[in-house]
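The lines below spell out each chain.
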Amino acid sequence: MSYLLFVALFGCAAVFFLWIRDARIFWRTGLPGYRTAMYRGVLFSALALLGVLVALFGPPSFDPEIIGIGLVTAAVFLQGSVKK
């Protein structure tokens, strides 16, 4: 276990934070762009969580931390690219 696992956990927490933020803004304002971002945030949060699980429990035949970081990075990128 190296520092990459902690980076993946921090990225996953950031994706969850952005998802909750979009949900809060949608419930307060009712703007349709934030509803879309909230729904997509569920999928991106699942992708980030999958990345953390791959980094934790992936088989050692390949480098699971690198693949997990890649999945979390993709989730952070996709979460930020939703048009509001």
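Up top is the structure these notes are about.
Here the structure is a predicted model, which means the values were calculated and not measured.

Novice: Would you mind going over the environment of Leu-5 with me for this structure?
Specialist: Within the secondary structure, Leu-5 is located in helix 1 (residues 3-29). Measuring from C-alpha to C-alpha, the distance between Leu-5 and Val-82 comes to 26 Å, with 77 residues separating the pair along the chain. When neighbours within four sequence positions are excluded, Leu-5 is seen to be in contact with Ala-55, Leu-56 and Glu-65.

Novice: Would you mind going over a nonpolar patch on the surface with me for this structure?
Specialist: A contiguous nonpolar surface patch, about 650 Å² in accessible area, is contributed by Met-1, Phe-16, Leu-49, Leu-53, Leu-56 and Phe-57. If one sorts the elements of the nonpolar patch by residue count, helix 2 (residues 32-57) sits on top with 4 residues. With respect to the secondary-structure elements, Met-1 resides in the segment before helix 1. Of the residues examined, Met-1 reaches a relative accessible area of 82% and is grouped as exposed.

Novice: Explain the nonpolar core to me, please; I cannot follow it from the model alone.
Specialist: In globular proteins that are soluble, nonpolar side chains generally tend to be buried together. Counting 12 residues, the largest nonpolar core is built from Leu-4, Ala-8, Cys-12, Val-15, Ala-37, Phe-44, Ala-48, Val-52, Ile-69, Val-72, Ala-75 and Val-82. At the level of secondary structure, the elements contributing two or more residues to this core comprise helix 1, helix 2 and helix 3 (64-80). Not counting residues up to four positions away in its chain, the partners in contact with Ala-75 are Val-15, Phe-44, Leu-47 and Ala-48.

Calculation criteria
- Residues numbered from 1 in each chain as written.
- Predicted model: local features only at pLDDT ≥ 70, side-chain atom pairs only at ≥ 80, totals over all residues.
- Heavy atoms only, no water.
- Helix = DSSP H or I, 4+ residues; strand = E, 2+ residues; numbered from the N terminus.
- Contact = heavy atoms within 4.5 Å.
- Patch = residues over 30% accessible without salt bridge, like charges linked within 9 Å, V, L, I, M, F, W, Y side chains within 5 Å.
- Areas by Shrake-Rupley, 256 points an atom, 1.4 Å probe, with all protein chains shown as cover.
- Salt bridge = Lys/Arg side-chain N within 4 Å of Asp/Glu carboxyl O.
- Buried < 20%, exposed > 50% of the residue type's maximum accessible area, 1.4 Å probe, protein only.
- Core = buried A, V, L, I, M, F, W, Y, C linked by side-chain atoms within 4.5 Å.

These results come straight from atomic positions and should not be treated as a statement about function.
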